[in-house]
Amino acid sequence: MADIILLDDSMVAQEVVSYPDVFMDLTDSGIDFSEFSAGKVACSTVDGKNYGVPFDSGAAIAAYRTDILAEAGYTVDDFTDITWSEWIEKAKVVKQKTGKAMLNGQGAYNQLTVMLTSCGGSYFDEDGKIQMADNKKIKKISELYLEMLEAGVFQEEVGWDTYIGNMNNGNVAGAMNGCWIMSSIQAAEDQSGLWAITNVPKVDGVSGATNYSSQGGSTWTVTTACKNPELAIDFLNATFAGSTELYDNILPSSAIATWIPAGDSEVYKQPVEFFGGQEVYSMIVDFTAKVPSCRIGAYEASARTAWVTALTNVAYSGGDLDEELAAAEQTVAFEMEQ
Amino acid sequence: MKLTMKKRENLTGWAFLTPAVLLIIIMNFVPLFQALIMSFETGRTGKMTFTGLSNYTRILEDSRAADALKVTLEYVVITVPIIIGLALILAVLLNDPKLKLKGIYRTCIFVPAAVSMVASAVIFRSLFAADGFVNSVLINLGILDTGYNFLGHPTSARIILMVVRVWKMVGYQMIFFLAGLQSIDAGIYEAAKIDGATSLQQFFHITIPMLKPTMLFALVMSVNAAIQVYDESVNLTNGGPGNATMPIAHYIYNMAFGGVPNFGYACALSMIILVVVGILTMLQMRVGDKRE
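Treat the numbers as computed from the prediction; the structure is a model and nothing was measured.

Trainee: Would you take a moment to explain the side chain of A:T219 for this structure?
Mentor: Residue and element names in this part refer to chain A. Among the structural elements, T219 can be located in strand 10 (residues 218-222). A distance of 2.8 Å separates a polar atom in the side chain of T219 from a polar atom in the side chain of D9. Sequence-distant contacts of T219, that is, excluding residues within four places in its chain, are made with I5, L6, L7, D9, V12, K40, S44, G52, V53, P54 and F55.

See the structure below:
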């Protein structure tokens, strides 16, 4: 097995619980976790122990095509610091005037995670028990999402290829995902200068709602199979937990640091032509610091899948939302009792 | 010691068989047996303990497994007769000795079977995309106003998965039927003609009975393949929308590798499939195979 493994943020808890004794406890390794954004550290903390060194940011961005927004009489400021209800109203205008959906996604998966994380929500209660039916945040986000689908302002795609394709071909007016999506957006070089970035809308009427979120992003873990753990930890400490130079070098690939000192580097303050000269990197460093920390459970992926299934059943097969959420909760509970 | 001729021949035969037999034992039967043992265990990976029939009793409470079985059975019941029927018709048509360019037709019909499932999935996904070929045609003909997301809706997604299956398998089964047809002695047809049988009578009274062994083989293969269908849903829809196109094999995969692994439960589900396939095959052999 490898000495060091890179894991998606939402997978760390699942892997640590599923494969006990495979991942090394890094709590007392000498890595200074306080130098990373708190929400990010929470992703790799299981039962109070640190199992990972945070790497690239998954801070959510809302990126819009300014030319398409202009056709509907909007600028990117109209979509900054707003709520989802306001967003849906404006998105309907864009749809009506341009015929284009605001966003698309490979199913609902990433979109729901962006929304749930933005209000610090979780599928699980304090004791780690699944809680989806009696969960105000999940209920509210479900209603908002279904409204977006109904109005045609969010377009569900079957595959990742069509998701990126429609985004690059200008069939939708924007993209909302972890900031790593920027490298896919920038693949359409002819659209340089037409995009702008802002924060995500916040969920209406729930506690802890913010305009900041996270989706994706990744974390380094060290395995117990590693024959020289001191060396592995020293390596991580000198690079991903200690080198602004390293983060400067990898920035063009849209790997944005969650190691706070990296954000102070000059490279992060460069304006980016593609996004109309916005200083997108320092914006995202700022977003990263404001992401609420969430309780991520080992059954995160199962819960997310069950939620998507519930919403699909409501949207396409005429199911009742409350009943479907209860069924989703039951499904996850069934898996958890193995 | 001196071997008799017969013994030596037997030994030579076994020497040729042994490598294949060993490979089948190591690659198929050993994992099968291990899966059987694992189906009686639960717990975290590497720390599983024996818990008897608990995985099997859980299956009875699993509504998603029941849904997946329903999707699978629907798939078998609808696609298998269509595949066998079409393959038979095409084989008879292409077996006509007077037909020209036979080779080209046969190749065209067989090619889908040789295309990898991932490539087929890409083709069909773009064909049925909201702005894909099928929608463009329907819009231009005035049947639709805007593109319909075929793979995003449960019923149409299920139908498309079946279409892909039929498209891929018809050519494959046709080859077996062609081989079967060519092994029928032309003299039988000549004799029938002399006795005044029409071509329809020849088809039902000569072709079909003579093809029975081939049909049995095609049926058993198609049913078994359809019960274990996995590639189509993984590559085209990922089981969605919701779980509308999730067959049982895909569900088993998800139970083992999709989230927190539950290998014991996945193995128990696999054993159920094994039993179902076994029973169906036995039934078909009973009904179809009248050889002494």
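Trainee: Would you mind showing me how to read the domain arrangement of chain A here?
Mentor: Many structure descriptions define interface size as the accessible area lost when the parts assemble. Residue and element names in this part refer to chain A. Per the domain assignment, the segments making up chain A are domain 1 (4-56 + 216-276) and domain 2 (60-212 + 299-337). The centre of domain 1, based on its C-alpha atoms, is set 26 Å off from the matching centre of domain 2. If you look at the interface, domain 1 gives 12 residues, while domain 2 gives 18 residues. For the pair domain 1 and domain 2, the two sides together bury roughly 1,200 Å², of which 65% comes from carbon and sulfur. The largest per-residue losses of area from domain 1 upon contact with domain 2 belong to S254, F274 and F275, which jointly make up 59% of the total buried on that side. Where domain 1 touches domain 2, the interface holds zero salt bridges. Summed over the shared surface of domain 1 and domain 2, the number is one residue pair in polar contact (both at pLDDT 80 or more). Partitioned by chemical class, the residues of the side of domain 1 that touches domain 2 number four nonpolar, seven polar and one charged.

Trainee: Quick question: what am I supposed to make of the layout of surface pockets here?
Mentor: By rolling a water-sized probe across the atoms, one finds the places where empty space is left. Residues and elements named next belong to chain A. Estimates place the volume of the second largest pocket at around 960 Å³. Taken together, the elements giving at least two residues each to the lining of the second largest pocket come down to helix 6 (136-151), strand 7 (154-157), helix 7 (160-168) and helix 12 (300-317). A class-by-class count of the residues in the lining of the second largest pocket yields 14 nonpolar, 10 polar and eight charged.

Trainee: Got a minute to help me understand unusual backbone geometry in this structure?
Mentor: Most peptide bonds adopt trans geometry, and most residues besides glycine take a negative phi value. With a phi angle near 50°, A:D47 is a residue other than glycine that sits in the positive phi range. Turning to its location among the elements, A:D47 is positioned in the loop between strand 2 (45-46) and strand 3 (49-50). A positive phi angle, near 55°, is found at B:N238, a position not held by glycine. By relative accessible area, which is 49% here, B:N238 ends up partly exposed.

Trainee: What should I look at first to understand the packing of helix 9 (residues 199-227) of chain B against helix 12 (residues 263-288) of chain B in this one?
Mentor: The relative placement of two packed helices comes down to the angle between their axes together with the axis-to-axis distance. Residues and elements named next belong to chain B. The N-to-C vectors of helix 9 and helix 12 enclose an angle of 165°; their axes lie 10 Å apart at closest approach. In terms of orientation, helix 9 lies roughly antiparallel with respect to helix 12. In this structure, the crossing between helix 9 and helix 12 has a hand that is right-handed. Contacts between helix 9 and helix 12 pair K212, L216, L219, V220, V223, N224 and I227 from the former with I273, V276, V277, L280, T281, Q284, M285 and G288 from the latter. Here the residues of the contact of helix 9 with helix 12 are counted per class, giving 10 nonpolar, four polar and one charged.

So, how was this worked out
Each chain has its residues counted from 1, running along the sequence as written. To read the labels, note that chains go from A and ligands from 1, taken in the order they are written. At least 70 in pLDDT is required for a residue's local features to be given in this predicted model, at least 80 for side-chain atom pairs to be given and counted, and no such filter applies to totals for whole chains, interfaces and linings, which use all residues. The side-chain values count all of the structure's non-hydrogen atoms but skip hydrogen atoms and water molecules. Elements are defined by DSSP. Helices are runs of H or I of four residues or more, strands are runs of E of two residues or more, and each kind is numbered from the N terminus. For the purposes of these results, a polar contact is taken to be a pair of N or O atoms within 3.5 Å, where, inside protein, one atom must be able to donate a hydrogen and its partner to accept one; residues adjacent in sequence count only when each atom of the pair is a side-chain atom. The contact rule is simple, with two residues in contact once any of their heavy atoms fall within 4.5 Å. Residue ranges labeled as domains rest on an automatic or database domain assignment. The term buried area means the drop in 1.4 Å probe accessible area that two parts suffer when joined, counted for both and summed. What counts as a salt bridge is simple: a side-chain nitrogen of Lys or Arg found within 4 Å of a carboxyl oxygen of Asp or Glu. Here the nonpolar group is Ala, Val, Leu, Ile, Met, Phe, Trp, Tyr, Cys and Pro; Asp, Glu, Lys and Arg are the charged ones; every other residue, Gly included, is treated as polar. Computed over the protein atoms alone on a 1 Å grid, cavities are sets of points where a 1.4 Å probe fits but cannot get out and pockets are open sets with protein on both sides within 12 Å along at least five of seven lines; a residue lines them when it has an atom within 4 Å of a point. Grid points are joined across faces, edges and corners, and a volume is the space filled by probe spheres set on the points. Accessibility here uses a 1.4 Å probe with only protein chains present; expressed as a share of the type maximum, an area under 20% marks a residue as buried, one over 50% as exposed, and anything in between as partly exposed. Only the stretch in contact is used when fitting a helix axis, every axis being a line fitted to C-alpha atoms; angles between N-to-C directions are given from 0 to 180 degrees. Between 65 and 115 degrees an angle is taken as roughly perpendicular, under 35 as roughly parallel, over 145 as roughly antiparallel, and anywhere else as oblique. In this scheme, a crossing is called left-handed if the near helix is turned counterclockwise away from the far one by less than a right angle; it is called right-handed if the turn is clockwise.

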